[in-house]
Amino acid sequence: LTAAICEKDSYNADYYNENCASYSKLLDELDEKIDSISKAEGGINTIIFGDRFPFKYLANDYGIEYSAAFSGCSAESEASFETVAKLAAKIDETGSKMILVLENNDKKLAETIRSATKKPSDVEILTINSMQSGNIGNYLDIMDNNAEIIRKALQK
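Each value, and the rule that gives it
Residues numbered from 1 in each chain as written. Predicted model: local features only at pLDDT ≥ 70, side-chain atom pairs only at ≥ 80, totals over all residues. Heavy atoms only, no water. Patch = residues over 30% accessible without salt bridge, like charges linked within 9 Å, V, L, I, M, F, W, Y side chains within 5 Å. Areas by Shrake-Rupley, 256 points an atom, 1.4 Å probe, with all protein chains shown as cover. Salt bridge = Lys/Arg side-chain N within 4 Å of Asp/Glu carboxyl O. Helix = DSSP H or I, 4+ residues; strand = E, 2+ residues; numbered from the N terminus. Axes fitted to C-alpha atoms, helices over the stretch in contact; angles between N-to-C directions. Parallel < 35°, antiparallel > 145°, perpendicular 65-115°, else oblique. Contact = heavy atoms within 4.5 Å. Disulfide = S-S within 2.5 Å. Phe/Tyr/Trp six-rings, centres within 6.5 Å; stacked < 30°, edge-to-face > 60°. Buried < 20%, exposed > 50% of the residue type's maximum accessible area, 1.4 Å probe, protein only. Pairing = 2+ DSSP bridges. Right-handed = clockwise from strand over helix to strand, strands pointing away.

A.B. asks: So what exactly am I meant to see when it comes to a nonpolar patch on the surface here?
C.D. replies: Together, Tyr 23, Leu 26, Leu 27 and Tyr 139 make up an exposed nonpolar region whose accessible area comes to about 340 Å². With respect to the helices and strands, Tyr 139 occurs in helix α6 (residues 139–153).

A.B. asks: What is the right way to look at the packing of helix α2 (residues 13–38) against α6 in this model?
C.D. replies: Axis separation between α2 and α6 bottoms out at 10 Å; the angle between their running directions is 10°. When the axes of α2 and α6 are compared, the pair comes out roughly parallel. Across the interface between the two elements, Tyr 23, Leu 26, Leu 27, Leu 30, Lys 33, Ile 34 and Ile 37 from α2 touch Tyr 139, Leu 140, Met 143, Asp 144, Ala 147, Glu 148, Ile 150 and Arg 151 from α6.

A.B. asks: Explain the state of the cysteines to me, please; I cannot follow it from the model alone.
C.D. replies: Should the sulfur atoms of two cysteines be covalently bonded, the bond is a disulfide. One pass over the structure, following the stated rule, counts 0 disulfides. Free cysteine Cys 20: the closest other cysteine sulfur is in Cys 6, separated by 8.3 Å.

A.B. asks: Sorry if this is basic, but what is going on with the packing of aromatic side chains here?
C.D. replies: Given two aromatic rings, their pairing is described by the distance between the two centres and the angle made by the two planes. Enumeration according to the criterion identifies 5 aromatic pairs in this entry. When the centroid spacing of 4.8 Å and the interplanar angle of 80° are considered together, the rings of Phe 49 and Phe 53 count as edge-to-face. For the pair formed by Phe 49 and Phe 53, the shared burial category is buried. Ring plane angle 15° and centroid distance 4.1 Å describe the contact between Phe 53 and Tyr 66, whose orientation is recorded as stacked. In this pair, Phe 53 is assigned in the loop between β1 (46–49) and α3 (56–62) and Tyr 66 in strand β2 (residues 65–68), connecting sequence segments 13 residues apart. Given a relative accessible area of 29%, Tyr 66 falls into the partly exposed group. These aromatic residues form a ring-pair network of at least three members: Phe 49, Phe 53, Phe 55 and Tyr 66.

A.B. asks: What should I look at first to understand the pairing of strand β3 (residues 98–102) in this one?
C.D. replies: Remember that side chains alternate between the two faces of the sheet whenever the strand is regular. For β3, the tally of buried residues reaches 5 of 5 residues, placing the bulk of the element in the interior. Where burial is concerned, the two faces of β3 agree: the one with Met 98, Leu 100 and Leu 102 and the one with Ile 99 and Val 101 are both buried. As paired strands, β3 and strand β4 (residues 124–128) are joined by 5 bridges and run parallel to one another. By the bridge assignment, Val 101 is partnered in β4 with Thr 127. In this view, the connection linking β3 to its parallel neighbour β4 by way of helix α5 (residues 108–115) has right-handed handedness.

A.B. asks: Which parts of the structure should I look at to understand the pattern of salt bridges?
C.D. replies: Two side chains with opposite charge may pair up if their charged atoms get near one another. One pass over the full model with this rule turns up 6 salt bridges. Put simply, Lys 33 and Glu 148 hold a salt bridge, and the shortest N to O gap is 2.8 Å. Taken together, the residues span a long stretch of sequence, with Lys 33 in helix α2 and Glu 148 in helix α6 at a distance of 115 residues. As a salt-bridge pair, Lys 90 and Glu 93 come within 3.7 Å of each other at their nearest N and O atoms.

That is the geometry; function is a separate question.
The following block contains the structure:
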């Protein structure tokens, strides 16, 4: 993309190349952060989603296991009893302390999953930003915040 822009506006090519290098460095730092989170010792390697799961590629890229109420960006909104039981059992099995949901989620399903665990008072519901709704803001800031939420979700 930078090369194409530089070709169209060679007068400002240095500016575009500097911005590209700077942004690429920030993306590399974010990648390293998420990679170090996913490989942290002493934690768990599974995130629990009481929602749709649009983070499959991220999870696969960083070797993070996941269990979700709905696969991908499914339009489903009602989870079966079996799904709730499976996710609650996964929380109990892994020792997870977090259920993740997407922005604009009413958290009712996550609350149902939490109440089905052995220690509901130990389980927190956190919101992660999928950037699928309108005003998303700055990608790097959102993903940095998401990385911190993933860090919490992978802690015992």
